[in-house]
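Geometric and topological summary
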Amino acid sequence: MTRLAPLSPAGPESDRSAGDSPAESRPAASRWHARWVVPSALALGYVLNVLFRLSLVTEQDFPTVSPDESMYLVMARILAGRPTTEIAGDQVIPAGYSLLISPALRLTEDPVLGYHLILGINALISCLVLPMAYWGLRRLDVSRRVSYIAAFLVALIPPVVFYTQFAMADTPLPVLVLAWLIGLHGLFSEGTGRRRLGFALLAAFAAGYCLLSHDRGGVIIALTGLVLLVALALGWAPRIATASALALLAVMFVLKQFMTTWMISQIDGAAPSQVGNAVFETLANTRLLRRTVMRMIGHLWYFMTSTWGLGALALVVCVCAVLSSRFTLANRVVAFLLVALLGGIALAAAAGLPGDQRLDTIVYARYLSLLVPVYLLVAVATLYHVRGRKKIVALGVAAFGVTSALTLALLHMASQQWSVSYFALWGLPDAIFLSNLAGQDWESFHAVHTTVVALAVFVVVMLLRLLGGDRRAGLVTGVVGAALVAFGAWATVGVTEHVTRVYATERVDDGTGFIEKAGIRPGDRLVMDDEVRWEIRTTTSYLVLDGRVWTRFLNKDDTPPADANVAVLALKDKKADATASWHNPPAGWHVDRDVREHEYVIWRRG
């Protein structure tokens, strides 16, 4: 087990990378040791990844994921100094991501151009995964070449790229998680006091900004605080560094509370998000215990299959590291955090998601996606460092067993739910891609086919590693990484083609199509009846960027706001006259447009 994973952070490499024969590696290694090569390669890789992401979103003109995108965009427009408007559900969620994208909405009043700029910001942020992943693997003593290939892999896979195609906080989270873990690894590794202080502050800031960006950050900041308090008590690191990290963590927590309070003050009728309360209420409800366990298993299953079984390999290694004193303190702490965070987020998501009868609520892709890059990096480091055929086989069998066990448990607990649950393609992109390779279509969910294909990829990876033996471990790991880069990019393109672009096409009439057909003008202030399509209402709160939107019960005698000059009402009966859409319109309002084909009528004041 001593070579199961690296025992120390990376230092200067020798001329020969571990696992490579001297004759094969010396010329390439010498090239990689030139001081300009790595920075140039990372810069080139970053630019290529940005261009790749931008090429995938050329047809994205408006938000399509309701209500998530609209909530982030409403907060971004307020942070950019634009007029306030309603927010979906009247709930304010963490605004850290909205702060990152708000500059786009300072530059233009055109909502389409603004959305394009936001997707560009997403690409710039997301591609930071590349240098962060490279840095992380170098700290795990993996050679420069293999680290670069693996960094490219995690920058191209669907769980990282897919969410950048929407205005969602999932974009920066993988980068922040990598920075957080690198910071903690540096804090608990040997080094000067100043260097370890820098790592401690990096970890605290990244954990804090996770909290500022999404409720999942609550699990991260709790684990960080726990580890830092233990470290402070036991002297695992310089106490000044540990105490400084705790102080910064507290500052970030207070900042999050301040941002939420300020945002609530800017939006009429808004209140803090109730996700945290929902989690604890569900966990305390014994009648929902089976549902919570079923969902937790489903989320873990999805994570293992979306990482092609390599996530299970990393999990096995992390558990071994936590239990074995042969690993360094830094590696054991990070391993503990990875295991605890995987279980903690899976449990919180299982408890916090509503009972909406959606199939992807049981096997949800999104909430664990922020851990996919780091788990893949641990798997690559394991393949690079592990020695001995018996150890490779043992690890492979254990990972195969974990994935298979989760599949069997999921089928036992949830298979009866498939036929009565609503299928949402957006929530299951990786699984549907994998089952598609087994001959299934993109319009249905097949857990067994997904597992079979994921494990087939995993078996091929492990067989290639076995063929490489000990002498060519580095070479084979690099080859496997390169093959997975191609596979990951193919999967990302496939998911974009069959999910992202399909959503953009299907929801035009809820987005820019509505603005055009309804004749919305610059500066209009819309009041919408609550019976108008929910997707139209949430999307329009962003698209009316220089005006604002309200939702009222207009056909239940609610009065339009005094500032409203446009009213949107549903037309339930296509045979009825347009004036019948509003039962008791106030004086001064008249029908402006009858958009009968989409079942709504536009009224204007004056």
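It should be noted that the structure appears before, not after, this text.
What this report covers is the structure whose coordinates are included nearby. Just so you know, these numbers come straight off a predicted model, no measurement behind them.

Regarding the pattern of salt bridges
Considering all chains together, one arrives at 16 salt bridges under this definition. The closest approach of N and O atoms between Asp170 and Arg366, which form a salt bridge, is 2.8 Å. With Asp170 in the loop between α8 (158-161) and α9 (173-187) and Arg366 in the loop between α17 (359-362) and α18 (372-385), the pair connects residues that are 196 residues apart, well separated along the chain. The exposure classification of Asp170 matches that of Arg366, with both residues buried. Across the pair Asp509 and Lys517 runs a salt bridge, and its minimum N-O distance is 3.5 Å. Residue class for Asp509 comes out partly exposed when judged on its relative accessible area of 30%.

As for unusual backbone geometry
Here the amide bond leading from Ser66 into Pro67 is cis, since omega sits at 0°, within 30 degrees of zero. Mapped onto the fold, Pro67 is located in the loop between α2 (37-56) and α3 (68-79). Not every positive phi belongs to a glycine, and Asp141 is a case in point at roughly 65°. Of note, Asp141 is situated in the loop between α6 (129-139) and α7 (144-156). Of note in this structure, Trp308 is not a glycine but carries a positive phi near 55°. In this structure, Trp308 sits in the loop between α14 (289-306) and α15 (310-323).

Structural notes on the packing of aromatic side chains
In total, this model carries 24 aromatic pairs according to the counting rule given. Arranged with centres 6.1 Å apart and planes meeting at 80°, the rings of Trp301 and Tyr302 form a pair that is edge-to-face. Judged by its relative accessible area of 0%, Trp301 is buried. Judged by relative accessible area, which is 2%, Tyr302 ranks as buried. Put simply, the rings of Trp308, Phe433, Trp442, Phe487 and Trp490 pair up and form one aromatic cluster.

Focus on the sheet that holds strand β5 (residues 566-570)
Reading across the sheet, the five strands line up as β4-β3-β5-β7-β6 and stay open at both edges, with mixed pairing between neighbours. Looking at the sheet topology across the chains shown, the edges are occupied by β4 (548-552) and β6 (589-595). On average, each strand axis in the sheet is tilted by 25° relative to the strand beside it, whichever way the strands run. Here six bridges tie β6 to strand β7 (residues 600-605), and the two strands are oriented antiparallel to one another.

What about the nonpolar core?
Ranked by size, the top nonpolar core spans 201 residues in total, and within it Trp180, Val363, Leu371, Trp426, Phe445 and Phe514 carry the most contacts. Not counting residues within four places of it along the chain, the set of residues in contact with Phe514 comprises Val508, Asp509, Ile520, Leu526, Met528, Ile536, Thr540, Val568, Tyr600 and Ile602. Of all hydrophobic cores here, the second largest spans 12 residues; its members include Ala564, Ala567, Ala578 and Trp582.

Comments concerning the side chain of Thr477
Note on placement: Thr477 falls in helix α22 (residues 473-506). From its side chain, Thr477 meets the backbone oxygen of Ala473 in a polar contact 2.7 Å long. Ignoring any residue separated from it by four or fewer positions in sequence, one finds Thr477 in contact with Val146, Val380, Leu383, Tyr384 and Arg465.

Some thoughts on the packing of helix α4 (residues 96-107) against helix α5 (residues 111-126)
The N-to-C vectors of α4 and α5 enclose an angle of 140°; their axes lie 9 Å apart at closest approach. Accordingly, the angle class assigned to the pair α4 and α5 is oblique. The handedness of the crossing between α4 and α5 comes out as right-handed. Here Tyr97, Leu100, Ile101, Ala104, Leu105 and Leu107 of α4 come into contact with α5, specifically with Gly114, Leu117, Ile118, Ile121, Asn122 and Ile125. Among the residues forming the contact of α4 with α5, the class breakdown is 10 nonpolar, two polar and no charged.

Points about the packing of helix α11 (residues 217-234) against helix α16 (residues 329-352)
Direction vectors running N to C along α11 and α16 enclose 145°, while the axes themselves pass 10 Å from each other. Helix-helix and strand crossings are classified by hand; for α11 and α16 the assignment is right-handed. Each of Val219, Ile220, Leu223 and Val227 in α11 lies in contact with α16, whose residues at this interface are Val333, Phe336, Leu337, Ala340, Leu341, Gly344 and Ile345. When grouped by side-chain class, the residues that make up the contact of α11 with α16 number 10 nonpolar, one polar and no charged.

Considering empty space enclosed by the protein
Which parts of space are left empty comes out when a probe the size of a water molecule is rolled across the atoms. Tallied over the entire structure, the rule returns six cavities of 30 Å³ or more. Here the largest cavity defines a volume of roughly 320 Å³. Considering the residues around the largest cavity, the lining is formed by 23 residues, among which Leu140, Asn331, Val334, Leu338 and Val378 are closest to the centre. By residue number, the principal contributor to the lining of the largest cavity is α18, which donates five residues. When grouped by side-chain class, the residues that make up the lining of the largest cavity number 18 nonpolar, four polar and one charged.

Let's talk about the state of the cysteines
When the sulfur atoms of two cysteines share a covalent bond, that bond is a disulfide. A complete count under the given rule lists zero disulfides for this structure. There is no disulfide at Cys210, and the cysteine sulfur nearest it, in Cys318, is 17 Å away. Among the residues examined, Cys210 registers a relative accessible area of 0% and is labelled buried. Free of any disulfide, Cys320 has its nearest cysteine sulfur in Cys318, 9.3 Å distant. Owing to a relative accessible area of 23%, Cys320 belongs among the partly exposed residues under this scheme.

Rules of the game
Residues numbered from 1 in each chain as written. Predicted model: local features only at pLDDT ≥ 70, side-chain atom pairs only at ≥ 80, totals over all residues. Heavy atoms only, no water. Salt bridge = Lys/Arg side-chain N within 4 Å of Asp/Glu carboxyl O. Helix = DSSP H or I, 4+ residues; strand = E, 2+ residues; numbered from the N terminus. Buried < 20%, exposed > 50% of the residue type's maximum accessible area, 1.4 Å probe, protein only. Phe/Tyr/Trp six-rings, centres within 6.5 Å; stacked < 30°, edge-to-face > 60°. Pairing = 2+ DSSP bridges. Axes fitted to C-alpha atoms, helices over the stretch in contact; angles between N-to-C directions. Core = buried A, V, L, I, M, F, W, Y, C linked by side-chain atoms within 4.5 Å. Contact = heavy atoms within 4.5 Å. Polar contact = N/O pair within 3.5 Å; in protein donor to acceptor, adjacent residues only side chain to side chain. Parallel < 35°, antiparallel > 145°, perpendicular 65-115°, else oblique. Left-handed = near helix turned anticlockwise from the far one by under 90°. Nonpolar A, V, L, I, M, F, W, Y, C, P; charged D, E, K, R; others polar. 1 Å grid on protein atoms, 1.4 Å probe; cavity = no way out; pocket = protein on both sides within 12 Å on 5 of 7 lines; lining within 4 Å. Points joined across faces, edges and corners; volume = space filled by probe spheres on them. Disulfide = S-S within 2.5 Å.

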